[in-house]
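A closer look at the structure
Single-letter residue listing:
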Amino acid sequence: MDRPRITIFDTTLRDGEQSPGCSMNVQEKLHLAQQLDRLGVDVIEAGFPIASDGDFEAVQRISATVRRPIIAGLARACKGDVDRAWQALQGAARPRIHVFLATSDIHLQYKLRITREQCLEQAREAVRHAKSLCADVEFSPEDATRTDVPFLCQVVEAVIAAGATTVNIPDTVGYTMPEEYGQIIRALREKVAGIEKVTISTHCHNDLGLAVANSLAGVQNGARQVECTINGIGERAGNASLEEVVMAMRVRRDRYPYETGVASEQLYASSQALAEITRVPVQPNKAITGRNAFAHEAGIHQDGMLKNALTYEIMTPQSVGVPDSRLVLGKHSGRHALALRCEQLGHQFERRELDEIYRRFVVLADRIKKVQDSHLLELIQDVVRGGVSTGEAATGPWKKFPPATASLPLPRAATATAGANSSESRGAQVAASDGQAEARPGGSPPTNWFGGAPFAEHHGEQEDYLWGV
Ligand SMILES: [Zn+2]
């Protein structure tokens, strides 16, 4: 059966980055964009080029590097913004200029201080200019859900005539209700000339916890693009969560018979990569990607799960890429297992980097027996941030690790808990091995996390499986 395809427009790097504490540097944005590419999103909104030089550079670098998805750059409805966005998108294989202008009376009156007529003209002009540069133009009437519907229809009709190919309907302030939002989308489809030529898009904020429900209501009424973010990050209460929108349509195909290009097994890795970059943890009970999303603690649930997982499980952890926590990483784990776990945590490495991570991993595993995801993430960060180094593992970055017997803080990105039952999966405690690493009196750190064994000596005995495949 032919199911309509929903375009997944990820705005983690633009709207998401606007959330408090979630700003990212260019390198981090590039890393995340590569993960979004693996995830299979259709559009990556890479930034707002006129907002800062960093944003401009991020859009430029992502355009040059990530070639499959459409790369969008945001612009206010004025020539300078549109030109700057276009300049940043020059190297993109599939560029999109995304123009926005507020249309609600409250925004026109108090923010922009322009009349409806001026608004209409400005939107038309900006889209016309964008279209003269780029074939793919999206327009967003900001605060659309609080805009008088007949005026909204007028604006949408004008921008379609001026060349817009996607019309996005933002619930900028997170005010709308599912039924109401669906009605707005339906009204546009019924009243706007030329609407059948363009893609209608949703962009919902979560101030009332309804961003995903509103997005789905939009889809049911004819929207064919959903704007969303990993972990639902974004201004204030955030945007519609990408993983929730995608899995709702996948698990409930009977009610939402639509397809997306998202590889759902990459959802967990994407969530982890973002949490790690921003250092903003995922709330434990977050749907799909929270560490408790697949944990069953109540006895009656565990009993049911053991008899048949379907009793309490509507989707498998594997389907969203939650790693099998029964697979414990220890010193006998090979490079392949390590590479796989790194991938599940959102990191793919070239051989040289993986060699370095593996080298450090083995030394760590020898000390603490079971390497938790949180440890692995620390280790990856050191290698990624410090660059690939050889033989200096005993100094520098390791200083921040506590003595081996100390409790580590709860991991930022906790280990997945699918079927897990013990504190091990929470990764909080690190066992000392054979009394080699008692806590140092007075809390002074050991020479390194591995109990002071000089790296070079260690390397000799481990060499065989360090470099094996
Ligand atoms: Zn937004």
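Heads up: these notes are all about the structure in this document. (Residues numbered from 1 in each chain as written. Predicted model: local features only at pLDDT ≥ 70, side-chain atom pairs only at ≥ 80, totals over all residues. Heavy atoms only, no water.)

**Comments concerning the nonpolar core**
Membership of the largest hydrophobic core comes to 89 residues, with the highest contact counts inside it found for Ile-8, Ile-44, Phe-139, Val-156, Ile-169 and Leu-242. Per-element tally for this core: the top contributor is helix H6 (residues 149–161), with eight residues. Dropping the residues within four chain positions of it, Leu-242 is found in contact with Ile-8, Asp-10, Leu-39, Val-41, Cys-228, Thr-229, Ile-230 and Leu-267. One finds Leu-338, Ala-339, Ala-365 and Leu-376 within the second-largest nonpolar core, a separate group that totals 20 residues. (Core = buried A, V, L, I, M, F, W, Y, C linked by side-chain atoms within 4.5 Å. Buried < 20%, exposed > 50% of the residue type's maximum accessible area, 1.4 Å probe, protein only. Helix = DSSP H or I, 4+ residues; strand = E, 2+ residues; numbered from the N terminus. Contact = heavy atoms within 4.5 Å.)

**Overview of empty space enclosed by the protein**
Counting across every chain of the model gives two cavities of 30 Å³ or more. In this structure, the largest cavity spans a volume of roughly 50 Å³. Val-246, Met-249, Arg-250, Arg-253, Tyr-258, Glu-259 and Thr-260 are the residues that line the largest cavity. Of the residues in the lining of the largest cavity, the class split is three nonpolar, one polar and three charged. (1 Å grid on protein atoms, 1.4 Å probe; cavity = no way out; pocket = protein on both sides within 12 Å on 5 of 7 lines; lining within 4 Å. Points joined across faces, edges and corners; volume = space filled by probe spheres on them. Nonpolar A, V, L, I, M, F, W, Y, C, P; charged D, E, K, R; others polar.)

**Notes on the coordination of the zinc ion**
Distances from the zinc ion to its protein donors, namely Asp-15 (OD), His-203 (NE2) and His-205 (NE2), fall within the range 1.9 to 2.1 Å. In the primary structure, the donors to the zinc ion are separated according to the pattern D-x187-H-x1-H. Of the two residues, Asp-15 is situated in the loop between strand S1 (7–10) and helix H1 (26–39) and His-205 in the loop between strand S7 (199–204) and helix H8 (211–220); the sequence distance between them amounts to 190 residues. Given the relative accessible area of 2%, Asp-15 is considered buried. The buried category is assigned to His-205, whose relative accessible area is 4%. (Donors = N, O, S within 2.8 Å, 3.2 Å for Na, K, Ca; no water.)

**Re the packing of helix H12 (residues 335–344) against helix H13 (residues 351–368)**
Orientation of H12 relative to H13, taken along the N-to-C sense of each, is 105 degrees, at an axis distance of 10 Å. When the axes of H12 and H13 are compared, the pair comes out roughly perpendicular. Residues Arg-335, Leu-338 and Ala-339 of H12 form the contact with H13, whose participating residues are Arg-351, Leu-354, Asp-355, Ile-357, Tyr-358 and Phe-361. Residues belonging to the contact of H12 with H13 are distributed by class as follows: six nonpolar, no polar and three charged. (Axes fitted to C-alpha atoms, helices over the stretch in contact; angles between N-to-C directions. Parallel < 35°, antiparallel > 145°, perpendicular 65-115°, else oblique.)

**Section: unusual backbone geometry**
For Arg-113, which is not glycine, the phi dihedral falls at a positive 50 degrees. Structurally, the position occupied by Arg-113 is in the loop between helix H4 (105–112) and helix H5 (116–133). Taking the relative accessible area as the measure of exposure, Arg-113 reaches 67% and is therefore exposed. One non-glycine residue, Ile-288, lies in positive phi territory at about 75 degrees. Its relative accessible area of 8% is what places Ile-288 among the buried residues.

**Points about the packing of aromatic side chains**
Aromatic rings in a pair are described by how distant their centres are and how their planes are angled relative to each other. Summed over all chains, the structure comprises two aromatic pairs. Ring geometry for Phe-48 and Phe-100: centres 6.0 Å apart, planes at 70 degrees, overall edge-to-face. Within this pair, whereas Phe-48 is found in the loop between strand S2 (43–47) and helix H2 (53–65), its partner Phe-100 is found in strand S4 (residues 95–102), the two being separated by 52 residues in sequence. Neither residue differs from the other here; Phe-48 and Phe-100 are each classed as buried. Between the NZ or CZ atom of Arg-84 and the centre of the ring of Phe-56, over which it lies, the distance is 3.7 Å. The positively charged end of Arg-335 is found above the aromatic ring belonging to Tyr-358, 5.7 Å away from the centroid. (Phe/Tyr/Trp six-rings, centres within 6.5 Å; stacked < 30°, edge-to-face > 60°. Lys NZ or Arg CZ within 6 Å of the ring centre and 35° of its normal.)

**Things to note about the pattern of salt bridges**
Scanning the model with the defined rule gives 29 salt bridges in all. A salt bridge links Arg-359 to Glu-356; its shortest N-O distance comes to 3.3 Å. Taken together, the positions of Arg-359 and Glu-356, both in helix H13 and three residues apart, correspond to about one turn of that helix. Comparing Arg-359 with Glu-356, the two get one shared label, buried. Notably, a salt bridge pairs Arg-360 with Glu-356, separated by 2.8 Å at the nearest N-O pair. Taken as a pair, Arg-360 and Glu-356 lie in helix H13 at a separation of four residues, close to a single helical turn. Of the residues examined, Arg-360 reaches a relative accessible area of 2% and is grouped as buried. (Salt bridge = Lys/Arg side-chain N within 4 Å of Asp/Glu carboxyl O.)

**As for the side chain of Ser-215**
Checked against the element boundaries, Ser-215 lands in helix H8. The class of Ser-215 is buried, set by a relative accessible area of 1%. The contacts of Ser-215, once residues within four sequence positions are left out, are Thr-202, Cys-204, Val-226, Ala-240 and Val-245.

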